[in-house]
Amino acid sequence: MGKGFFKVPVAKNEPVKDYAVGSPERAAVAAAYKEMYNATVEVPLYINGKDVKTGDTDTMSCPHDHKHILGTYHKADKKLTQEAIDTALAARDKWAATPWEQRAAIFLRAAELIAGPYRAKINAATMLAQSKNIFQAEIDASCELIDFLRFNVQFMTEIYSEQPESTSGAWNRLEYRPLEGFVYAVTPFNFTAIAGNLPASAALMGNVVVWKPSASQMYSAKVVMDIFREAGVPDGVINMIVGDPAMITETVLASPDFAGIHFTGSTGVFNGIWGQIGTNISNYKTYPRIVGETGGKDFIIAHKTSNPAQVATAIARGGFEFQGQKCSAASRIYLSESIWPAVKEQLITDVKSFKMGSPEDMSNFITAVITEGSFDKLASYIDQAKKDENAEIIIGGGYDKSEGYFIEPTIIVTTDPNYTTMTTELFGPVVTIYVFEDKDWTETIKLVDNTSEYALTGAVFSEDRYALEEAISGLQNAAGNFYVNDKPSGAVVGQQPFGGARASGTNDKAGSKLNLYRWVSPRMIKETFVTPTNYRYPFLG
Ligand code: NAD
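Our subject in this report is the structure included herewith. Predicted model only: the values in this text are computed from it and were never measured.

The next thing to look at is the sheet that holds strand 4 (residues 57-62). Strands sit in the order 1-5-4 across an open sheet of 3 strands; the sheet is mixed. Two strands bound the open sheet, and with one partner strand each, they are strand 1 (41-43) and strand 4. On average, adjacent strands in this sheet sit at an angle of 40° to one another, irrespective of strand direction. Sheet strands in contact with helix 7 (residues 218-231) are strand 1, strand 4 and strand 5 (65-74), and its direction is about 75° off that of strand 1.

Around the ligand, 26 residues are found, and the nearest of them are Thr187, Lys212, Ser266, Thr294 and Glu425. At 3.3 Å from an oxygen atom of the ligand is found a main-chain nitrogen or oxygen belonging to Gly265. Between the ligand and the protein, one listed contact pairs an oxygen atom with a side-chain N or O atom of Ser266 at 2.5 Å. A total of 840 Å² of accessible area belongs to the ligand in isolation, and the protein chains cover 83% of it. Those elements that place two or more of their residues in the shell around the ligand are helix 8 (245-253) and strand 10 (258-264). No other element matches the 3 residues that helix 8 contributes to the shell around the ligand. Looking at the shell around the ligand residue by residue, the class counts come to 13 nonpolar, 10 polar and 3 charged.

Two residues of an α-helix separated by three or four positions point the same way, owing to the 3.6 residues in each turn. Helix length check: helix 2 (residues 78-97), at 20 residues, gives a terminal C-alpha distance of 30 Å against a target of 28 Å (1.5 Å per residue), a fit within 8%. Along helix 2, the sharpest change in direction is near 40° and occurs at Ala91. For helix 2, the complete set of buried residues consists of Leu80, Thr81, Ala84, Ile85, Thr87, Ala88, Ala91, Arg92 and Trp95. N-cap assignment for helix 2: the residue whose side-chain oxygen lies 3.2 Å from the backbone N of Lys79 is Asp77.

Burial analysis of strand 7 (residues 182-186) places 5 of its 5 residues in the buried class, which makes it a mostly covered element. Here strand 7 shows no split at all, with Phe182, Tyr184 and Val186 on one side and Val183 and Ala185 on the other all buried. Judged from the 5 bridges that link them, strand 7 and strand 8 (residues 208-212) form a sheet pairing that is parallel. Among the inter-strand pairings, Val186 is bridged to a residue of strand 8, identified as Lys212. You can see the chain leave strand 7, run along helix 6 (residues 192-204) and come back into strand 8, and the turn it takes is right-handed.

Reading the values: rules and limits
Residues numbered from 1 in each chain as written. Predicted model: local features only at pLDDT ≥ 70, side-chain atom pairs only at ≥ 80, totals over all residues. Heavy atoms only, no water. Pairing = 2+ DSSP bridges. Helix = DSSP H or I, 4+ residues; strand = E, 2+ residues; numbered from the N terminus. Axes fitted to C-alpha atoms, helices over the stretch in contact; angles between N-to-C directions. Contact = heavy atoms within 4.5 Å. Near = heavy atom within 4 Å. Polar contact = N/O pair within 3.5 Å; in protein donor to acceptor, adjacent residues only side chain to side chain. Areas by Shrake-Rupley, 256 points an atom, 1.4 Å probe, with all protein chains shown as cover. Nonpolar A, V, L, I, M, F, W, Y, C, P; charged D, E, K, R; others polar. Expected span 1.5 Å × (residues − 1). Bend = angle between axes of the 7 residues up to and from the residue. Buried < 20%, exposed > 50% of the residue type's maximum accessible area, 1.4 Å probe, protein only. Right-handed = clockwise from strand over helix to strand, strands pointing away.

Shown next as structure tokens:
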């Protein structure tokens, strides 16, 4: 910026539309859904601004209607992966030198395209590809992605304005350079917003990106890429490739110019990537930034003084929205015995009332899980719970994949706090409850802290301030996002920066300034106005 200290629009969270019966937004999404369902789409690779069709394709179908083919996506081989890297590197100098206000304008424009002309389309794509109901699609694909784009622009300007002290004789300037090389963004299936944000946040800070979306999110990934292009992201700045994830990742991590990874997904995959980076460390020109937000086994702990209706609602929403396929979904629940009967009664009533089916019918609360692999895994845990003596299924337990991958919302009650579904991330609509004696509050806090390798989200419910305080401090390392008298899911960009520690990730807090710092490498420039000409200091006489 050479000619003004420009102020960006103050970032505000995008209002969530309610999609009430008869509303225009509901009609628009219904029409987009129908049109996209009845057409077939072809998703190319995007390399250097061009659509690349390799002919090596896989089909895309709806998880809730898996026999229906939505279209195909093209896959990259090793050569094209290398081409994506080379293209990004060729675009780097020009993009890194582009004034920040131009980068800001591109991503603010992308936000407005989503808020307006693309809203119905990106929501419908997320309903079709990932089986989100309309509300879940709206808060993810539209609102959260818009928020990421708007807030990150504001955070960028806040970072740039952080400058060191200077004296009258010397001016100290901190320049927030992009990383020297390219950034690799690897994104999960479960949030269209994360898929868009991981490449966009690094690119906003002046980096060039190779982006590998999840094979289970290709339809909405295409819409995101089309929006980036229309918003004016220059050729080569964000290159989208998909294919064999292990091959692509191995090729990317072998590049000496690999400068950072922006990953969200499971812990096992991230651990593997970290190991490969370690093996290659002496080949890189610069130490790569490693940012990974990974798995969770998120908890709710409720004291005897908590309100049973509030606790039951938090479990129903926090555990089952988007079929429990949120990294923040409540899946291990610790309930005080005196509130348990009332929580149980409401929870069973609530879960019984959930409607399950295609997201096209907007009265459905629950839809399908993402893949057959996920379905089979969940079904096996449910079958095991039916056999185990220390577990009882109090509602749900059914499943059917004849049309879509439908798993009934299931609640297991266990007498063993280390029961397998209390410790393993299942990533589905299965919640496990352990009931503790009222007198064991302190021990149960320790149990919650020690049970899981993860530390992503957690929640405490109580009307007793001392009990709350004990949980807040006793569980300080058990969750990166901790909720008091609220469900542990539903973080909002700019309000609840998101990320966990332990096996849940590097905690670089997506949706905050902290994340953007990882995509810059500051350069300190000291300029002295009257430069000394004699080495002798006064003390030398
Ligand atoms: P996943 O780990 O299966 O896939 C994530 C990405 O990694 C995808 O792009 C995938 O293609 C790629 N991948 C898979 N195998 C790979 C390999 N061998 N080498 C390199 N890349 C590989 O995760 P998912 O099923 O898409 O998403 C669910 C997981 O993501 C859950 O564990 C969830 O908790 C986590 N998640 C975490 C957060 C967070 O903020 N902490 C947010 C969303 C999801």
